[in-house]
Amino acid sequence: MTAFAVALSPNPSSPNPMPIPPMPTRSESATVDPDHAWQIVSNRDARADGRLFYAVRTTGIVCRPSCPSRRPARANVEFFPDLVTAFASGYRPCLRCNPAGIHADAQRVETLCAHLRRYSDRPVPLAELAPLIGLSPLAAQRLFRRVLGLSPAQFQAQTRAAALRRSLDNPAARITDAIYDAGYSGSSRMYENAALGMKPADYRRRGQGISIGYTLGNSPLGRLLIAATGRGLCAVILAADDDELLARLHAQFSAAEISPQPDLAPVLVQVLTHLTEHPVALDLPLDLRATAFQMRVWSALRRIPRGETRTYAELARDLGQPTAVRAVARACASNPVAVVIPCHRVIGSDGKLTGYRWGIERKQKLLTLESASLEEQV
């Protein structure tokens, strides 16, 4: 096997530019020419950044060649052609030169994600993931959750579901083949974990043939529509008139068979009581298509007591993901069942109402109404 040599572009301003060896192939990059690599590191040659990394055994740090830190003793240095190999050897990124070009925690999580994608056909235990980034299994789990808002197992489930959707988009692919190609051990596992929101055949037809019933009513916030499949409530929509309500419903379920359903009247009454000062406890089945993270956010929203609010940052912290504020906001904005999942109870850190899918004025009215009913109970 040919020893690794970093391919560099000549620097015209350098009086004695280094000779430029040929760029190694992927198979040739498994080893590093240590003498040539040390010369690059000693010169702090930025032309090798991203293609060569050096690690210091005494500190456990991996750096890029141009790192401004003091050069270590040669005997304490080893070289790597990529960060994944360095992380697998137990080194962590230098905070000064940031060899990954992104936040060190994000790079570590990306390393784990790459491994999870590569082995999506089987469960990957934490004990297998942790050594890849030089952490204990518990620390690796916490880091993954903090950065992505999901556990590695949930991420792998989403990866399989996404692969299944891509396979089903190919009309020539057999559904059974798509299930196995996505990494599921069988159709039963797919139904347990894929979270398509419908059967694979229905997904392929974009919901064609799925029946969705709806009913309309007046509310303090304008006209209101609720819609349900045979499995549960799938939409609660607020708008100024019926035409807008139906347009939104058809946009959300473009290929489904949509028709009025008078039998949903009792469900409508239940929802409408939550727009009064005397709400009736909701106990409705839901049929929602969502990612694991969205479902976690929506579950957290339903735990916010009536008459109270949380900021997006507080909700992110409650989920154990303090850096996922924007992801929490996106999950709130994608809530398909207004009022039932009370995303109106989340506000900005400055106390402002910020956005609301159904309009800021409706959000203000909802919060005022809930506060009034709480004061009456007191």
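Residues numbered from 1 in each chain as written. Predicted model: local features only at pLDDT ≥ 70, side-chain atom pairs only at ≥ 80, totals over all residues. Heavy atoms only, no water.

Student: Help me out: how do you make sense of the packing of aromatic side chains in this one?
Tutor: Summed over the entire model, instances satisfying the criterion amount to two aromatic pairs. Seen in terms of ring centroids, F144 and F155 are 5.8 Å apart; in terms of plane orientation they differ by 75°. Their pairing is edge-to-face. Linking F144 in helix 5 (residues 137-148) with F155 in helix 6 (residues 152-168), this pair joins segments that are eleven residues apart in sequence. The same class applies to F144 and to F155, which are both buried. (Phe/Tyr/Trp six-rings, centres within 6.5 Å; stacked < 30°, edge-to-face > 60°. Helix = DSSP H or I, 4+ residues; strand = E, 2+ residues; numbered from the N terminus. Buried < 20%, exposed > 50% of the residue type's maximum accessible area, 1.4 Å probe, protein only.)

Student: Explain the sheet that holds strand 6 (residues 222-228) to me, please; I cannot follow it from the model alone.
Tutor: Strands pair in a sheet through their backbones, by hydrogen bonds, and they do so in one of two ways: parallel or antiparallel. Judged by pairing direction, the sheet is mixed, and its four strands sit side by side in the order 7-6-5-8 without closing on themselves. Each of the sheet's edge strands pairs with one partner strand only, and the pair in question is strand 7 (233-239) and strand 8 (257-260). Mean inter-strand twist for the sheet, computed between neighbouring axes without regard to direction, equals 25°. With six bridges joining them, strand 6 and strand 7 adopt antiparallel strand pairing. In the sheet register, R223 faces strand 7, and the bridge partner there is A239. Each of strand 5 (211-219), strand 6, strand 7 and strand 8 touches helix 10 (residues 242-252); the most contacted strand, strand 7, lies at about 145° to it. (Pairing = 2+ DSSP bridges. Axes fitted to C-alpha atoms, helices over the stretch in contact; angles between N-to-C directions. Contact = heavy atoms within 4.5 Å.)

Student: I'm lost on helix 14 (residues 325-333) in this one. Help?
Tutor: An α-helix turns once per 3.6 residues; consequently, residues spaced three or four apart project the same way. Residues of helix 14 that are buried: V328, A331 and C332. Down the axis of helix 14, the buried side of the element spans an arc of 100°, and every buried residue falls inside it. Those residues of helix 14 that are exposed and aimed more than 90 degrees away from the buried face are R326 and R330. (Arc of directions from axis to C-beta.)

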